[in-house]
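Chain residues, written in single-letter form:
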Amino acid sequence: VFDRDRVSLGIKELIPLLEVIRLTEAANILEIGTSSGGTTWHLASNIAPNGEITTVDLSPETSGDSYLPTTLATERPTKEQLGRYFQGTLESARIKQVLIDSKDLISVLKGNKFDLIFVDGAHTYEYVKKDTETALKLIKDGGYIVWHDYFVFHPDYGVRDYLHELSKTMPIYRLCDSLCAIV
């Protein structure tokens, strides 16, 4: 299922991500970084009927912390924008929204294991590292972790730098011809 009006990722990122879900039959998915919820809606629309999406983002009232440079903190969605693409849809019944700083996520989701984790939260090196460490603890054996914005060159983004470092300990691949990486 694809809805052009709910696209928050580029189509070159979204289609390969949805294909990974289809091929792996991922039913329990964690998304770090909800924003407007367009990706969340697409994930929920393309998982198995019994599947569930857990999507995590900061509450709009949260000020964040020292990991968030001002340029990234000002890009956060407002209360009205956060999750707007899935609120009130049929798919929302399969979406669990958690408003928490992702660095504190492990305490909330301990005991949960996910088939696929999509990391698209804060893009600083420190957050990407922490979100990845969390994802590695929460992923099921045989599951997949996908990171967005791997090939974006932005002075405050640390996705590429951290994943290059991580690639010394595990294989990381570019997902098709997209801005995503997968392990």
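What you are looking at is a predicted structure, and each value in this text was computed from that prediction instead of being measured.

K.L.:
Would you mind going over the environment of Asp5 with me for this structure?
P.N.:
Here Asp5 is to be found in the segment before helix H1 (11–24). Residue Asp5 is classed as exposed on the basis of its relative accessible area of 62%. On a C-alpha basis, the gap between Asp5 and Asp149 in space is 21 Å, while along the polypeptide they are 144 residues apart.

K.L.:
Please clarify how the packing of aromatic side chains should be interpreted in this entry.
P.N.:
Both the distance between ring centres and the angle between the ring planes are used here to describe each pair of aromatic rings. Tallying each qualifying case throughout the model produces 2 aromatic pairs. Note on Tyr125 and Tyr162: the rings are 5.6 Å apart at their centroids and 80° apart in plane angle, and the pair reads as edge-to-face. One end of the pair, Tyr125, is in helix H5 (residues 125–138); the other, Tyr162, is in helix H6 (residues 159–166), with 37 residues separating them in the sequence. Classification of Tyr125 by relative accessible area gives partly exposed; the value is 27%. Here Tyr162 falls in the buried class, since its relative accessible area comes to 6%.

K.L.:
Got a minute to help me understand the confidence of the model for the protein in this structure?
P.N.:
Detailed reading of the predicted model is not advised wherever pLDDT is low. For the protein, mean pLDDT is 89; residues scoring 70 or higher make up 92% of the total. At the low end of the mean pLDDT range in the protein sits helix H3 (residues 70–73), at 52; at the high end sits strand S4 (residues 114–119), at 98.

What counts as what
Residues numbered from 1 in each chain as written. Predicted model: local features only at pLDDT ≥ 70, side-chain atom pairs only at ≥ 80, totals over all residues. Heavy atoms only, no water. Helix = DSSP H or I, 4+ residues; strand = E, 2+ residues; numbered from the N terminus. Buried < 20%, exposed > 50% of the residue type's maximum accessible area, 1.4 Å probe, protein only. Phe/Tyr/Trp six-rings, centres within 6.5 Å; stacked < 30°, edge-to-face > 60°. pLDDT = per-residue confidence, 0-100.

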